[in-house]
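Tertiary structure, described
Chain by chain, the residues:
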Amino acid sequence: MAAEKLDLLILKTLALEPRHGYGIGQRIGQVSGGVFRVTLGSLYPALQRLERTGLIDAEWRASENNRRARYYQITRAGRRRLAVEEREWERVSAAMDRLLKAT
Amino acid sequence: MWTRFRRGLYELVHAGRLDREAEEELSQHVETAVAEKVRRGLDESEARRQVRIELGHPDSARERLREGRPGALVESLRRDVAYAVRMLRKRPGFSALCVLTIALGVGASTALFAVLQAVVLRPLPLPRPESLVRVFDTNPEAGVERTGVASANLADWRRRARLLTGVAGYYSMGRTLTADGSSEVVLAAQVTEDFFPLLGVDAALGRTFTAGEMARALFNSAAAPVGPDPVVVIAHGLWRRRFGADPSVVGRTITIDRRTFRVVGVMPSGFPMPEPGVQLWLPWDVAEDPPRDQHYLGAVARLAEGVTRDQAEHDLNAVARALSDEHPRTNRGWAVRLVPLHEEVVGDAGRTLFVLLGAVGLLLLAACANVAVLSLARGLERGPEASIRLALGATRRQLLQQFLVESLLLAGLGGALGALGAALAVAGLRRAEASLPRLHEVQLDPVALLFAVAATASCALVAGLPYAWRRARANAGTELHDGTTRATAGRGRRLVRDGLVVAEVALAVVLLTGAGLLFRSYQRLHAVDPGFEPEGVLVAPIFLDMETYGSEDKTRAYYARLFERLEALPGVVSVGAATALPTSPLGPDFERPVWPEERPGEERARRQAWVRMVTPRYFETLGIRLRAGRTFTDADGPAAPHAVILSEGLARRLWPAGGAVSRRLVVDYSTSGTYGYDVVGVVNDLRFGGPRRAARDEIYLPHAQRPYLVMNVALRTRADPRQLAPAVREVLHEIDAQKPAHGIHDLSTLLGATYARDRQTMLAMASFAVAALLLSLFGVHGVLLHRVREQKREIGIRMAVGASRGRIVSWVAGHGLRLVLMGTSIGLGLAVVSARAASPLLFGAGAVDGASLLAVAVLPLTALVVSVHPAWRATRVDAAEVLRRG
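Residues numbered from 1 in each chain as written. Chains lettered and ligands numbered in written order. Predicted model: local features only at pLDDT ≥ 70, side-chain atom pairs only at ≥ 80, totals over all residues.

**Quick notes on the overall build of chain A**
Condition: Where helices and strands are cited, they refer to DSSP runs of H or I of at least four residues and of E of at least two residues respectively, numbered from the N terminus. Here a residue counts as buried when 20 or more other C-beta atoms fall within 10 Å of its C-beta, as exposed when 12 or fewer do, and as partly exposed in between; the C-beta atoms come from the backbone. Here, residue contact means that the backbone-derived C-beta atoms of the two residues sit within 7 Å.
Per the secondary structure count, chain A includes four helices and three strands. For chain A, the spread of C-alpha atoms along the three principal axes comes to 55 × 30 × 20 Å. Expressed as a percentage of the 103 residues in chain A, the buried residues total 27%. Counting only contacts in chain A whose residues sit at least 6 apart along the sequence, the fraction spanning at least 24 positions is 49%.

In structure tokens, the structure reads:
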């Protein structure tokens, strides 16, 4: 999966609520109906990248089963970026749609 | 931007913690996934297997996280350095050779750069040095290119020149300093009023001279101070050496030429005017020194703000013209020239140094090429390393980085060693016999060190790139299956390698021919007949003082006694003396107008001639040959008719029809009047300033008729003249214990010193050339060895199909010879061009001649010598084994 696409999916997932890494992977897998499978080697570098650019924040919290887990949440800059990227995605996919159906 | 930077810094500082956290996070992720599958009814090991497939290995995620952090570069560099150190230690011979090669290149070029910087590039250690100029008198009509200035004119210039903020004159001579009971001869400069203010340097301790001290500082015609309550400023070095750096020296008295002087100040160390060796400064009221046509003062001036040298020279020449109208007898035809002080101090040393720096640059290039060749050759032994690493997943960028680290490490070690060598060389140079101005200022300062770093870095790049580039282009497949490359592979690489060696040889050839040119030039200098025979002559300058030897009789008596004692020394053939000796810098040396008595007032008949007083046996002692008439005898005493001997050239110019002997010559002594002399003899011309200078017009007068206090005594000896020095010192001490001997040298050494720079330039160039030659031989050897290893298989096959050992040997040696011949012909082409750069340094014609070509002819021979070892290795190839391995 291309890095930008994964970034967009992570931002979208976190837009609903903060999650830890496992939760993010689960959610992307479930919602895409298993189309996108997220490996450790792609998910965590992506999270590191987003955190470094200030689009998401992370903190250690107690998880549902009362263990320490690292929770990621989207920042204001992240939401702005998500909005921009979503619009862009819609534009591009609409164009692709038209192109593919036109023939 | 700021957030990213802060974040980056945080990650750099907390790398360890981030590692642990990532570890925890990843393992939690895996455990949660496993637990989920177990909950759905899988057994644990199966769950783990599936999770591993779905999520990938946590190690690879960990690796990628680490790479994403800024510390990663540092970390990977650290690993590369550790690896490089291991690789270098595995082959100490190769590593040492590379390190030494780079050390040689960097060390030699850095030392030379430090010299160039100190001598030429760094401004003089004076405030606003760019506005300081030296002033010279010039009289093109009389054939005087430039000479010192006349004292009374100086006073008028000071008053009238508008575009100079000051003009100061000075005159340096040896004087006897006595303090705390011990005497020595030191260089003392008498300086005029503007001197210190104009240069803008004040005393480090005490003060310089007041106007009152200046006004009473009178000297008689023998340059002896005669004013009341004389004062002196001393040099920093003298203050430390003789007075233990005691600040209370100011106000104390010292004895100079048996007069008592009060010390008023100590100059700061490194004050370079009028010349670096000056130990004493005496004030000098030049306004009381009347002659307008005795051009013997050094002079320095400072241009007014915003004034160019040309403008100031123009302005001062207007003053000179006005003076020649006012004083036509003394000043007609005299003009001035201003020369930037820096140019005057540095002279043509810059040209020598730039040529040598160019040469050492070529050596540095050869060193880089050599390391590159060695690395390429070495690369083969490391064989499939790069391929293996590529196959194991290393990126090309990682490979490139690692090889560059290796070459940087080599260059860094070499550079450090080179800088150390340069520091030692510089320390040595500061103590060396100075054939360059400002040599004592040389130091390895930050700029020179920066140069060393830059040289090292470019070495690393030039030497490392060909190899690194080649390695990074390696294919994972090609070299894995077989340690040796096929004969058909790597054509491009071999071209690069051979090309580097050819370049190395060419550079060596350029340097060799350069050294050859300088050697021939030096030989020509050495072969010049100076007009006297310096071998076996010892020289001792004598400075008598006015206080004790003021009258002519006393001076005569001293010298008569001295000569008698010296002639009695065992091994002495003859003793002569003159006010100044050829190539010896000490003693009065001045020129006066002269003309034939039968042609008075005829401008065209006047010549400027250098005047010296000599003793009867002077010519015999120095080996100057009589051309006509007679030399002086003891009969040419005070009461006898005044006699003169002319140099050959002057006699011919004054009396072109010949027959100078027994004519009358008139010498114009300016304020002391004009005198007529009987010409009694003619002697050969001599090169007073050494072989690089032309012969001068000279007249010789008998010392007995015109006694001077200062005389340079020459002793011709049967054995090594230097062995006689202690005996001469003893005689001097016995005659007058307060006249310490100093400046005793043998004349050959003094003559050699006039072209010492030629010798040193030649030696420097020769050592660069030899170094480059050795490097190129290492290069040829390395390449041949490389070639034998690389083509082991081909050699084996050739041997298997019946090639004789001789064929194999000539195959190897032939390749070496081809490379060397190619390099030699390219180098000779370049040498013809670069010889032009060196030509200003050469004495006489400077074309690439037979002798320099002969030096180059040595190269192919040496190439054969270094191909012996690789050829031997080639014959040891085991054909059967090669064929077995296929």
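**Side note on the overall build of chain B**
Across its full length, chain B carries 30 helices and 22 strands. Counting only C-alpha atoms and orienting by the principal axes, one finds that chain B spans roughly 135 × 75 × 55 Å. Considering only contacts within chain B whose residues lie at least 6 apart along the sequence, 83% involve residues at least 24 apart.

**Comments concerning the nonpolar core**
Residues and elements named next belong to chain B. Going by this rule: A set of buried residues qualifies as a nonpolar core if it consists of Ala, Val, Leu, Ile, Met, Phe, Trp, Tyr and Cys joined through C-beta atoms within 7 Å.
Counting residues in each nonpolar core, the largest one holds 133 residues, and the members touching the most others are V135, V232, L280, V644 and I699. Excluding its chain neighbours within four sequence positions, the residues that come into contact with L280 are R175, L177, V186, A188, V232, I234 and I256. Membership of the second largest hydrophobic core comes to 102 residues, among which are V119, A452, F768 and L773.

**Focus on the interface of chain A and chain B**
In plain terms, the rule: Amino acid classes used here: Ala, Val, Leu, Ile, Met, Phe, Trp, Tyr, Cys and Pro are nonpolar; Asp, Glu, Lys and Arg are charged; the rest, including Gly, are polar.
With 15 residues of chain A in contact, the opposing surface of chain B contributes 20 residues. When contributions to the side of chain A that touches chain B are tallied by element, the ones reaching two or more residues are helix 2 (21-31), helix 3 (40-52) and strand 3 (68-74) of chain A. Tallied by class, residues from the side of chain A that touches chain B come to five nonpolar, six polar and four charged.

**Section: the pairing of strand 1 (residues 132-139) of chain B**
Residue and element names in this part refer to chain B. Cut-off, in case you're wondering: Note on pairing: DSSP must find at least two bridges between two strands before they are called paired.
Counting buried positions along strand 1 gives six out of eight residues, so the element sits mostly inside the fold. Direction of pairing for strand 1 relative to strand 10 (residues 298-303): antiparallel, over a ladder of three bridges. Of the residues in strand 10, the one forming a bridge with V133 is A301. Pairing geometry for strand 1 and strand 11 (residues 335-340), over six bridges, is antiparallel. Note that in strand 11 the partner of R134 across the bridge is V339. In terms of strand pairing, strand 1 meets strand 2 (residues 144-147) through two bridges, oriented antiparallel. Bridge pairing in strand 2 links N139 to V144.

**What to know about the confidence of the model for chain B**
The cut-off we apply is this: pLDDT measures the predictor's confidence residue by residue and takes values from 0 up to 100.
With 91% of its residues at a pLDDT of at least 70, chain B reaches an overall mean of 82. Interface scoring of the predicted complex returns ipTM 0.87; its pTM is 0.72.

**Examining the sheet that holds strand 1 (residues 19-20) of chain A**
Residue and element names in this part refer to chain A. The three strands lie next to each other as 1-3-2, forming an open sheet whose pairing is antiparallel. Taken across any chain shown, the strands that pair with only one partner, and hence form the sheet edges, are strand 1 and strand 2 (56-62). In terms of strand pairing, strand 2 meets strand 3 through seven bridges, oriented antiparallel. Paired with R61 across the two strands is A69, which belongs to strand 3.

**Quick word on helix 4 (residues 76-102) of chain A**
Each full turn of the α-helix corresponds to 3.6 residues, which orients residues three or four apart in the same direction. Rule in force here: Helix span is expected to be 1.5 Å times the residue number reduced by one.
The terminal C-alpha atoms of helix 4 of chain A, which comprises 27 residues, lie 39 Å apart, in line with the 39 Å expected from a rise of 1.5 Å per residue. Where burial is concerned, little of helix 4 of chain A is hidden: one out of the 27 residues are buried.

**Concerning the pairing of strand 12 (residues 537-543) of chain B**
All names here are of chain B. Of all seven residues making up strand 12, seven are buried, and the element is well covered by its neighbours. Of the two faces of strand 12, the one holding V537, V539, P541 and F543 and the one holding L538, A540 and I542 are both buried throughout. With seven bridges joining them, strand 12 and strand 21 (residues 710-717) adopt antiparallel strand pairing. Opposite P541, over in strand 21, you have N712 as the bridge partner.

**Quick notes on the environment of A837(B)**
Residue and element names in this part refer to chain B. Along the chain, A837 turns up in helix 27 (residues 805-838). As for A837 and V355, which are separated by 482 residues in sequence, their C-alpha atoms are 6.9 Å apart. Ignoring anything within four residues of it in the chain, the contact list for A837 reads V355 and G358.

**What about the environment of L88(B)?**
Residue and element names in this part refer to chain B. Note that L88 resides in helix 5 (residues 71-90). By the C-beta count within 10 Å, which is 18 here, L88 ends up partly exposed. Sequence separation between L88 and L409 is 321 residues, and the spatial gap between their C-alpha atoms is 9.2 Å. Ignoring sequence-local partners within four residues, the contact set of L88 consists of S95, L409 and L410.

**What about the packing of helix 27 of chain B against helix 29 (residues 868-875) of chain B?**
Residues and elements named next belong to chain B. Test applied: Where helices are involved, their axes are fitted lines through C-alpha atoms of the stretch in contact, as for all axes, and angles between N-to-C directions lie from 0 to 180°. Any angle that is under 35 degrees is reported as roughly parallel, and any over 145 degrees as roughly antiparallel; angles of 65 to 115 degrees are reported as roughly perpendicular and all others as oblique. Crossing handedness: left-handed means the near helix sits turned counterclockwise from the far one by under a right angle, and right-handed means the same turn made clockwise.
Relative to each other, helix 27 and helix 29 sit at 140 degrees, their axes nearing to 9 Å. As judged from the angle between their axes, helix 27 and helix 29 are oblique. Handedness of the helix 27/helix 29 crossing: right-handed. From helix 27, R805, I808, V809, V812 and A813 reach across to helix 29, where they touch P870, A871, A874 and T875.

**Re the packing of helix 7 (residues 151-160) of chain B against helix 11 (residues 309-326) of chain B**
Residue and element names in this part refer to chain B. Running from amino to carboxyl end, helix 7 crosses helix 11 at an angle of 125 degrees, the nearest separation of the two axes being 10 Å. Between helix 7 and helix 11, the crossing angle belongs to the class labelled oblique. As for how helix 7 packs across helix 11, the hand of that crossing is right-handed. Contact residues: helix 7 offers N153, D156, W157 and R160, while helix 11 offers L316, V319 and L323. A per-class count over the contact of helix 7 with helix 11 returns four nonpolar, one polar and two charged.

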